[in-house]
Amino acid sequence: VHSCLCNNFDTPSAMEAIFALVSSTNKYINQPDKKGFRVMLLKSIALYITRILQVFGLLVDSDSIGFGGGGGGQEDAVEK
């Protein structure tokens, strides 16, 4: 992803690399014989993808991971 963004901001290749990372991560999580996960690795991947999506302007800056959709926080309470 980094090299794609350094190469004249090659967004399509950067997104392709992110999709490949997500796909590999999903394969890791969905291994049928997996007994335990490397939690810090998964957290690092999630934080990295969240940060890149912030760089692309797809997420508002936040300390949370991902899109945060409807976690029952204060914003949800205000809308009700």
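Scroll up to find the structure this text is about.
Now for a description of the structure that goes with this document. Computed from a predicted structure; not experimentally measured.

## Focus: the overall build of the protein chain
Stage number 1. The number of helices and strands found in the protein chain is four helices and zero strands.
Stage number 2. The order of helices and strands in the protein chain, counted from the N terminus, is α-α-α-α.
Stage number 3. The burial tally for the protein chain puts 21% of its 80 residues in the buried class.
Stage number 4. The contacts in the protein chain between residues at least 6 apart in sequence include a share of 31% that link residues at least 24 apart.

## Details of helix α2 (residues 11-29)
Given 3.6 residues per turn, any residue in an α-helix points the same way as the ones three and four places further on.
Stage number 1. With 19 residues, α2 should cover 27 Å at 1.5 Å per step; its first-to-last C-alpha distance of 27 Å lies within 8% of that length.
Stage number 2. All of the buried residues along α2 are Ala-14, Met-15, Ile-18, Thr-25 and Tyr-28. The buried residues of α2 all sit within an arc of 140° when viewed along its axis, so they share a single face. Residues of α2 that are exposed and point over 90 degrees away from its buried face: Pro-12, Glu-16, Phe-19 and Lys-27.
Stage number 3. Elements in contact with the buried residues of α2: α1 (2-6) and α3 (39-55).

Reading the values: rules and limits
- Along each chain, numbering runs from 1 in the same order as the chain's sequence is written.
- Given that the model is predicted, a residue must reach a pLDDT of at least 70 before its local features are reported, and side-chain atom pairs must reach 80 or more before they are shown or counted; all residues, however, enter totals for whole chains, interfaces and linings.
- Side-chain measures here rest on the full set of heavy atoms in the structure, leaving out hydrogens and waters.
- The numbering of helices and of strands both runs from the N terminus, where a helix is a DSSP run of H or I of at least 4 residues and a strand a run of E of at least 2.
- A 1.4 Å probe rolled over the protein chains alone gives each residue an accessible area, and that area as a share of the maximum for its type sets the label: buried under 20%, exposed over 50%, partly exposed in between.
- Residues are treated as being in contact if the distance between any of their heavy atoms lies within 4.5 Å.
- An expected span of 1.5 Å times one less than the residue number is assigned to each helix.
- As used here, the arc belongs to the directions running from the helix axis to the C-beta atoms.

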